[in-house]
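# Observations on chain architecture
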Amino acid sequence: MVRLALRVRNRFKIRGTHSISIDPTAKLRGCKIVIKGKNNKLHIGANVRLRNCELELDGNSCTLLIGDSTVIGHNSYISSRESNTELIIGEGSMLSRNVKIMTSDGHDIIRGGQRISGVWLADNVTILKGVNIGEHSVVGINSTVTKSIGSDVIAVGNPAKVVHNEVSWRNELTY
């Protein structure tokens, strides 16, 4: 019988000064951990199992806590983003594959000079053949765009329908 030891590497990209604690019994395989900003806190508890996940803290004073004995499946994306946000995954939690948990839309959506909820071109969007998306428009998460949409709108759903006009998006994260 021959046993091969496969070493799966994790990637860390850390900028700034942060509080990071990973319990020695935690097993991370093929994970990417990105921490940007100032004074962020990452805690990974005892007996946690992470496989091919991406963890992100992006902002100032963000917190991501993963409780003891939690399992998170591959291709999952966990993000505590925007200043002073906190994301806690409780002890004994089980997340399957391809799970996304985010504390931010990633980009501000502006209507009448005020920030409103939304995303710009969200996860799992499908745009069908022959469809045009107008400039500065937003397509919501899991939407399917079957017909062209104009500029400066938010469209959501399956099939996607315009739900807001005269919007714009911008990314203004500051450190």
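Conventions used here
- Throughout this description, residue numbers start from 1 for each chain and increase along the sequence as written.
- Per-residue local features of the predicted model are confined to residues with pLDDT of at least 70, and side-chain atom pairs are confined, for both listing and counting, to 80 or more; whole-chain, interface and lining totals are unaffected and use all residues.
- Hydrogens are left out, water is left out, and the side-chain values use all remaining heavy atoms of the structure.
- A pair of cysteine sulfur atoms is labelled a disulfide when the two atoms are within 2.5 Å.
- Throughout, exposure labels follow a simple rule: accessible area from a 1.4 Å probe, protein chains only, divided by the maximum for the residue type, with under 20% read as buried, over 50% as exposed, and the rest as partly exposed.
- Here the nonpolar core consists of buried residues drawn from Ala, Val, Leu, Ile, Met, Phe, Trp, Tyr and Cys, with membership extended through side-chain atoms lying within 4.5 Å.
- The way it works is that DSSP assigns letters per residue, a run of H or I at least four long becomes a helix, a run of E at least two long becomes a strand, and they are numbered from the N terminus.
- What makes two residues a contact is simply this: any of their non-hydrogen atoms within 4.5 Å.
- DSSP calls a pair of strands paired once it identifies at least 2 bridges connecting them.
- Comment: axis = line fitted to C-alpha atoms, over the contacting stretch for helices; angle = value between 0 and 180 degrees taken between N-to-C directions.
- Any pair of N or O atoms that falls within 3.5 Å is considered a polar contact. Within protein, one atom must be able to donate a hydrogen and the other to accept it, and sequence-neighbouring residues count only if both atoms are side-chain atoms.

As used in these notes, a disulfide is a covalent bond between sulfur atoms, one from each of two cysteines. A full pass over the atoms with the stated rule returns zero disulfides. This cysteine, Cys31, is not joined by any disulfide, and Cys53 carries the nearest cysteine sulfur, 4.7 Å off. A residue is classified by how much of its surface remains accessible, and Cys31, at 1% relative accessible area, is buried.

Here we take up the nonpolar core. Soluble globular proteins tend to bury their nonpolar side chains together. Counting 20 residues, the largest nonpolar core has Ile44, Leu50, Leu55 and Ile66 as the members making the most contacts within it. Counting residues per element, the ones that place at least two in this core are strand 4 (32–38), strand 5 (41–44), strand 7 (54–60), strand 8 (63–66) and strand 11 (86–89). If we skip the residues at most four places from it in the chain, Leu55 touches Lys32, Ile33, Val34, Leu42, Ile44, Leu50, Leu64, Ile66 and Ile78. Val139, Val153, Ala155 and Ala160 belong to the second largest nonpolar core, which has seven residues in total.

Moving on, we come to the sheet that holds strand 4. As summarised here, the arrangement of the five strands in space is 1-4-7-10-13, forming an open sheet in which the pairing is parallel. Here the strands that pair on one side only, and so sit at the sheet edges, are strand 1 (11–14) and strand 13 (100–102). The sheet shows a mean angle of 5 degrees between the axes of neighbouring strands, direction not considered. Bridge count between strand 1 and strand 4: four bridges; the pairing is parallel. Of the residues in strand 4, the one forming a bridge with Ile14 is Ile35.

Once that is clear, we can look at the pairing of strand 20 (residues 160–165). For strand 19 (residues 153–157) and strand 20, the ladder comprises five bridges, and the chain directions are antiparallel. Looking at strand 20, one finds that Val156 is bridged to Lys161.

Further remarks concern the sheet that holds strand 20. Spatial ordering of the open sheet is given by 17-19-20, a layout of three strands whose pairing is mixed. Two strands in the sheet have a free side with no partner beyond their single neighbour: strand 17 (138–139) and strand 20.

Following the sequence through the fold, His18 ends up in the loop between strand 1 and strand 2 (19–22). According to the relative accessible area criterion, His18 is buried, its value standing at 17%. Of the polar contacts made by the side chain of His18, one reaches the backbone oxygen of Arg15; its length is 2.6 Å. Side-chain polar atoms of His18 contact the backbone nitrogen of Asn40, separated by 3.1 Å. When sequence neighbours within four positions are dropped, the list of residues in contact with His18 reads Ile35, Lys36, Gly37, Lys38, Asn39 and Asn40.

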